[in-house]
Amino acid sequence: MARQPEGPPPPPTVQKLRIRYAKRGRLRFASHRDLARTLERALRRAQVPMAFSAGFSPHPKISYLGAAPTGSASEAEYLEIGLSVRCDPEAVRAALDAALPEDLAVVECVEALEGTGSLADRIDTSVWRVELPGVALAELEPALAEFLSRDVVTVAKRTKNGLRDIDARASVTSAFAVEEAGCAILHMVVRQGTPAVRPDDVLAALTAVADLRPPLPPRAVRAAQGRLDDTGTVADPLGPDRAARTRCQGEHATI
Amino acid sequence: MTGETLYPRLEPLLAQIQKPIQYVGGELNSQVKPWDGAAVHWALMYPDAYEVGLPNQGLMILYEVLNERPDALAERTYAVWPDLAALMRENGVPQFTVDGHRAVKDFDLLGVSFATELGYTNLLEALDLAGVPLHAVDRDETHPVVVAGGHAAFNPEPVSDFVDAAVLGDGEQVVGDITDVVKAWKAQGRPGGRVELLARLARVDGVYVPSFYAVSYAADGAIAAVTRTRDDVPVKVGKRTVMDLDEWPYPKTPIVPLAESVHERMSVEIFRGCTRGCRFCQAGMITRPVRERTITGIGSMVEQGLKATGYEEVGLLSLSSADHSEIGQLAKELADRYEGTNTSLSLPSTRVDAFNVTLANELSRNGRRSGLTFAPEGGSERIRRVINKTVSKEDLVRTVTTAYANGWRQVKLYFMCGLPTETDEDVLEIAELAVEVIRAGREASGQKDVRCTVSIGGFVPKPHTPFQWAGQASADTIDHRLRILRQAINADRRIGKSIGLRYHDGKPGVIEGLLSRGDRRVGRVIERVWREGGKFDGWSEHFSFDRWTTAAAEELAPFGVDLDWFTTRERTEHEILPWDHLDSGLDKEFLWDDWQEALNEEEVADCRWTPCYDCGVCPTMGTEIQIGPTGRSLIPLTVV
Ligand code: SF4
């Protein structure tokens, strides 16, 4: 007979929280796996009463939404956690923030309320800001114009199964260039999909169409994620929960 | 300016390499102290990749102990992978610490912890990247003092050209003494330059400065004499031993990496030293006597460490954890404390006896029973008597069967190959044993899916053990025995498919043997290998046996010795061994007698439970066995 865990099954999920966090500075070099491990440990240190799956190796109920690539910073990463005891979302935010390394910050934590839909359904687009040290606006602007004038720009992307050609153009719904302190900055709105088009791919496309070759590695920051509407605006994915929360104030335990 | 951060220059390079996260620091519980506030700056290096080096307990302890001193600062540095090393050379970025990203050459001291000799080429690579002269003789007051520590430092002769000093034994107290010496010398305006500093360090108990000792060789290639070149340094350098481990509850706040590392858990050292007397085991021999942490000391370290890290697993570490005098109670009370918290407890690989299964059951009370590891080390009863790790075949099979019957599905058995007096038959018995274990296990558990993994590696004779005189088995011998073992296991497919075999070929062991029992002449081989691109020798994809054998042949020939002379040659009783002037406390006569008893297949008892048999350690070092039980117990933690 296979052994079964003794005792009662783990307590059920009584509350779902949605969390927006930022990875900044040095920790932009953390991979998704690194972040997942770090977040799980921080939740334990912060003593957040997580709900667990059943069985011999119970896992805390956490779901991650598509992570920014290793090397990119982000102001808008999202995850959803299940709790076994109701908590004040702001108290969880503060406790988790304090338990994380300096360059990871919990920006917001809201309760996911019934009937507001899933978080994944509210995210299909990323807003990127890419600093190009050593590149002048006068170089970036024409390259970007050339890129935007094309219908398709094929670049080779490194994937698990080797190099693969993808179109870097179609996913980019808008983009513009500015200059700050002598450094060209590329802002762009990019639809998420498979294969994912990342800032690196767009930069490779700029090299392909206009021979733009940044002398130093560019620095990308995901500024926002959300759903792109017809007007070209990217909606805040936590907006519906925040709106619902003001209508329904629940009882909260503190942690 | 010294102590300045190199990060702005490093960052663009990080975007171009594999796993950049390992170089950025900023881990939980790491610290960066202001440079100018500290009188003495230590760079602590583990000479392997970050993922291997970060969990190292020794370094983590010293990092905390030093940083707790207001007048000292300690930062960590690790071996840099070739992809980043190439970019660093191209861009003039020197070896840096991961905490403050400060240049290693700015530090007063570079402490390097050698758990294995295969890290030597990585030390040379780091020195070169740091811009520190490779040879100790070429350094001046502006360069860090390079100090080796760790188990391999009990014979630092092969790296004596490259290190300024080696520290023998426990590091907790001696790093403080070294800090005091360096601080005073700096405050006095560095009188007498580097030589005077080294002379002062050589007078610190446990510190060996190779440059103050001259080695001469006889016509047969053996050492003729080791003589000190100043009379104010000790003739023989003795090891340091920390007594009362409860007073040293480190690490208190273990560093939690963001990157994946080889041990994703928190470790608590429940005792130090081991007197089981396994004759192959250098760790056991050089860390005598046994000093236990008390059950309450362990309890508070576990509690504090979990709070500080958020780890979900705690490893109760030592050389033979089931031997702790309070282990049964400890296992039960810790399991009680953490029941229902999703915190798991584990013991490292254990001796083969039924009690260990009971313990493992207790620790995994409500967790998954995936794998249990035993270390019989020797394949036959005869060879287990030779190595003094006696367990009968019946007991072994019975213990493993009990584990299967208790719901463990996977048992791992550790063995060594190439032990002194070993024959093919001794190794083939491993196959018989594994087959029997599976048969009995299937029967006892009523399940077909029980598995047994045999993990086997070549034995490397080590200094300060009874086997220090033994001839090492050649790579060919090891490879032959591993081959016949594999064939024997695969002979019966119905059983063989439940047995996994994990092994390392014999070649790296030969080089480890050269470096373990080498003398100063081996330094030239290490340097040559590094100059030809050798590094990360502990990684099969980087290790080149041919590079080592060619370098050894050419560099050792002028001395009339060769690789075999250092490895497969059996030493005679009165040969001066390269480490004879370094004192682990063990009497050479005791070790020789124990070697003879090994050859006669005679056992020796454990001095914790039988009278002292005069190995020499306690009287020489002024130490004593410290064991419980204390009669104390762990009270349940108050619920938060
Ligand atoms: S001196 Fe005696 S008591 Fe001390 S470790 Fe050796 S045998 Fe054991």
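Every value quoted in this text rests on a predicted model; they were computed, and no experiment measured them. (Residues numbered from 1 in each chain as written. Chains lettered and ligands numbered in written order. Predicted model: local features only at pLDDT ≥ 70, side-chain atom pairs only at ≥ 80, totals over all residues. Heavy atoms only, no water.)

Enquirer: Please explain the overall build of chain A as it appears in this structure.
Expert: When helices and strands are tallied, chain A shows five helices and 11 strands. Principal-axis analysis of the C-alpha atoms gives chain A an extent of 65 × 50 × 35 Å. For chain A, the residues scored as buried account for 46% of the 255 residues in total. In chain A, once contacts between residues fewer than 6 apart in sequence are set aside, the share between residues at least 24 apart is 75%. Counting every atom, chain A has about 12200 Å² of accessible surface; 51% of that belongs to carbon and sulfur. Across chain A, 33 positive and 33 negative side-chain charges occur, with their mean positions spaced 6 Å apart. (Helix = DSSP H or I, 4+ residues; strand = E, 2+ residues; numbered from the N terminus. Buried < 20%, exposed > 50% of the residue type's maximum accessible area, 1.4 Å probe, protein only. Contact = heavy atoms within 4.5 Å. Areas by Shrake-Rupley, 256 points an atom, 1.4 Å probe, with all protein chains shown as cover. Lys, Arg positive; Asp, Glu negative; His and termini not counted. Charge placed at Lys NZ, Arg CZ, Asp CG, Glu CD.)

Enquirer: What exactly am I supposed to notice about the interface of chain B and chain A here?
Expert: The parts lose accessible area when they come together, and the size of an interface is often stated as this lost area. Facing the 40 residues of chain B at the interface are 27 residues of chain A. Each partner contributes to the roughly 2800 Å² buried at the junction of chain B and chain A, and carbon and sulfur atoms together form 50% of this total. Linking chain B to chain A there are seven salt bridges. Between Arg41(A) and Glu264(B) there is a salt bridge, with its nearest N and O atoms 2.4 Å apart. Between the two partners, chain B and chain A, sit 10 residue pairs in polar contact (both at pLDDT 80 or more). Listing elements by their share of the side of chain B that touches chain A, those giving two or more residues are helix 1 (7-14) and helix 9 (295-309) of chain B. Ranked by residue count, the leading element in the side of chain B that touches chain A is helix 1 of chain B, at four residues. Looking at the side of chain B that touches chain A residue by residue, the classes come out as 16 nonpolar, 15 polar and nine charged. (Buried area = accessible area lost by both parts, 1.4 Å probe. Salt bridge = Lys/Arg side-chain N within 4 Å of Asp/Glu carboxyl O. Polar contact = N/O pair within 3.5 Å; in protein donor to acceptor, adjacent residues only side chain to side chain. Nonpolar A, V, L, I, M, F, W, Y, C, P; charged D, E, K, R; others polar.)

Enquirer: What is the right way to look at unusual backbone geometry in this model?
Expert: A negative phi angle characterises most non-glycine residues, just as the trans form characterises most peptide bonds. With omega at -10°, the peptide bond leading from Thr194(A) into Pro195(A) counts as cis. Mapped onto the elements, Pro195(A) comes out in the loop between strand 9 (183-191) and helix 4 (199-210). Unusually for a residue other than glycine, Ala181(A) sits at a positive phi of about 50°. One non-glycine residue with positive phi stands out, namely Asn29(B), at about 75°.

Enquirer: Any chance you could explain the pairing of strand 1 (residues 40-46) of chain B here in plain terms?
Expert: For a regular strand, the rule is simple: side chains alternate between the two faces of the sheet. Residues and elements named next belong to chain B. Most of strand 1 is tucked away: seven of the seven residues are buried. Of the two faces of strand 1, the one carrying Val40, Trp42, Leu44 and Tyr46 and the one carrying His41, Ala43 and Met45 are both buried. Taken together, the seven bridges between strand 1 and strand 2 (residues 72-78) define a ladder with parallel strand orientation. Counted as the bridge partner of Tyr46 is Tyr78 from strand 2. Across four bridges, the pairing between strand 1 and strand 3 (residues 109-113) is parallel. Within strand 3, the residue paired with Trp42 across the bridge is Leu109. (Pairing = 2+ DSSP bridges.)

Enquirer: What should I look at first to understand the side chain of Gln57(B) in this one?
Expert: Residues and elements named next belong to chain B. The topology assignment puts Gln57 in helix 3 (residues 57-68). The exposure class of Gln57 is buried, given its relative accessible area of 18%. Here Gln57 is in contact with Pro251, Ser267 and Leu317, once residues within four sequence places are set aside.

Enquirer: Please clarify how the pairing of strand 6 (residues 154-159) of chain A should be interpreted in this entry.
Expert: Residues and elements named next belong to chain A. Sheet topology places strand 6 next to strand 7 (residues 162-167); six bridges connect them, and they run antiparallel. Pairing of Thr154 across the sheet is with Asp167, part of strand 7. Count of turn residues in the strand 6/strand 7 antiparallel hairpin: two residues.

Enquirer: I would appreciate a short explanation of the packing of aromatic side chains in the present structure.
Expert: Where two aromatic rings form a pair, the distance of their centres and the angle of their planes describe that pair. A full pass over the atoms with the stated rule returns 14 aromatic pairs over all chains. Ring centres of Phe467(B) and Trp595(B) lie 5.7 Å apart, and the angle between their planes is 75°; on these two criteria the pair is classed as edge-to-face. Within this pair, whereas Phe467(B) is found in the loop between strand 17 (451-458) and helix 15 (475-490), its partner Trp595(B) is found in helix 21 (residues 588-599), the two being separated by 128 residues in sequence. Pairing Phe590(B) with Tyr613(B) gives two aromatic rings, centres 5.7 Å apart and planes at 15°, and the pair type is stacked. Taken together, the residues span a long stretch of sequence, with Phe590(B) in helix 21 and Tyr613(B) in the loop between helix 21 and helix 22 (617-621) at a distance of 23 residues. Accessibility expressed as a relative area gives 13% for Phe590(B), which makes it buried. The ring of Phe147(A) has Arg169(A) sitting right over it, with the charged end atom 5.5 Å from the ring centre. It is Arg76(B) that lies over the ring of Tyr63(B); its NZ or CZ is 5.3 Å from the centre. (Phe/Tyr/Trp six-rings, centres within 6.5 Å; stacked < 30°, edge-to-face > 60°. Lys NZ or Arg CZ within 6 Å of the ring centre and 35° of its normal.)

Enquirer: Looking at this structure, I do not really get the sheet that holds strand 16 (residues 410-417) of chain B. What am I missing?
Expert: Neighbouring strands of a sheet are bound in pairs by backbone hydrogen bonds; such pairs are parallel or else antiparallel. Residue and element names in this part refer to chain B. If you walk across this open sheet you meet the four strands as 15-16-17-18, and the pairing is parallel. Looking at which strands have only one partner, the edges of the open sheet turn out to be strand 15 (371-377) and strand 18 (499-503). Within the sheet, the average angular offset between the axes of one strand and its neighbour, ignoring direction, is 20°. Relative to strand 16, strand 15 runs parallel, the two being bridged by five bridges. The residue of strand 16 that forms the bridge with Thr373 is Lys412. Most of the contacts of helix 13 (residues 393-405) go to strand 16, to which it runs at about 150°, and overall it touches strand 15, strand 16 and strand 17. (Axes fitted to C-alpha atoms, helices over the stretch in contact; angles between N-to-C directions.)

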